[in-house]
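# Chains, contacts and geometry: an overview
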Amino acid sequence: MNEDAEINIFRSLDYLRDNAPAYAKAKSERVYLEEFRKTKKALLMREAEVAGHKSAATQEREAYASPDYLVVLDGLRAAVEEEERYRWMMVAAQAKIEAWRTLESSRRYEAKTV
């Protein structure tokens, strides 16, 4: 294997190390927003009840239709996108490392048989 390929492997390892905190942060944001979405819905349903909507179905409809709920959903969409971007970049770095391992193993095998 040439020196350039080995340098790329180190870049992949560095990428995994350097981006692990950002991935963790993105995931924590997504999980938080998933849980907050439930809280926001409950708060909006309570507001709908105070506004005179007595049935749970009507309160839920009002909560889902609220602009405040849509803001939470937009935030959740952005958080999922960010988490997935980091995750797939990390998967790609791991795949490069695995490919390098396979090539190195093949190279060692070929060296033994020559």
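Scroll up a little and you will see the structure.
So, here is what we can say about the structure in this document.

Quick notes on the rules
Residues numbered from 1 in each chain as written. Predicted model: local features only at pLDDT ≥ 70, side-chain atom pairs only at ≥ 80, totals over all residues. Heavy atoms only, no water. Helix = DSSP H or I, 4+ residues; strand = E, 2+ residues; numbered from the N terminus. Rg over C-alpha atoms; globule rule 2.2 N^0.38 Å. Buried < 20%, exposed > 50% of the residue type's maximum accessible area, 1.4 Å probe, protein only. Contact = heavy atoms within 4.5 Å. Areas by Shrake-Rupley, 256 points an atom, 1.4 Å probe, with all protein chains shown as cover. Phe/Tyr/Trp six-rings, centres within 6.5 Å; stacked < 30°, edge-to-face > 60°. Lys NZ or Arg CZ within 6 Å of the ring centre and 35° of its normal. Core = buried A, V, L, I, M, F, W, Y, C linked by side-chain atoms within 4.5 Å.

This paragraph deals with the overall build of the chain. Summing up its helical and strand segments, the chain has 3 helices and 0 strands in all. For the chain, the sequential pattern of α-helices and β-strands runs α-α-α. For the chain, the C-alpha radius of gyration of 24 Å lies well beyond 13 Å, the compact-globule estimate for 114 residues. Oriented by its inertia axes, the alpha-carbon framework of the chain measures out at about 85 × 25 × 15 Å. Here the chain holds 114 residues, and 24% of them are scored as buried. Sequence separation of 24 or more characterises 76% of the internal contacts of the chain that already satisfy a separation of 6 or more. For the chain, the exposed area adds up to about 8200 Å²; of that, 57% sits on carbon and sulfur atoms.

This structure, assessed with the given rule, holds 2 aromatic pairs. Relative to Phe36, the ring of Tyr32 lies with its centre 5.9 Å away and its plane at 10°, an arrangement referred to as stacked. With a gap of 4 residues between them, Tyr32 and Phe36 both fall in helix H1 (residues 3-50), about one helical turn apart. Its relative accessible area of 51% is what places Tyr32 among the exposed residues. Measuring from centroid to centroid gives 5.2 Å for Tyr64 and Tyr69, while their planes differ by 65°, and the two rings are edge-to-face. By relative accessible area, Tyr64 is classed as partly exposed at 39%. Its relative accessible area of 5% is what places Tyr69 among the buried residues. Directly above the aromatic system of Tyr86 lies the positively charged group of Arg85, at a separation of 4.5 Å from the ring centroid.

Here is a general trend for soluble globular proteins: nonpolar side chains tend to be buried in one another's company. Within the largest apolar cluster, 7 residues are counted, these being Leu16, Tyr23, Ala26, Tyr86, Met90, Ala93 and Ile97. For this core, the secondary structure elements donating two or more residues are H1 and helix H3 (67-113). Ranked by residues supplied to this core, first place goes to H3 with 4 residues. Setting aside residues up to four positions removed in sequence, Ile97 forms contacts with Ile9, Ser12, Leu13 and Leu16.

Note on placement: Val71 falls in helix H3. When its relative accessible area of 58% is taken as the criterion, Val71 is described as exposed.

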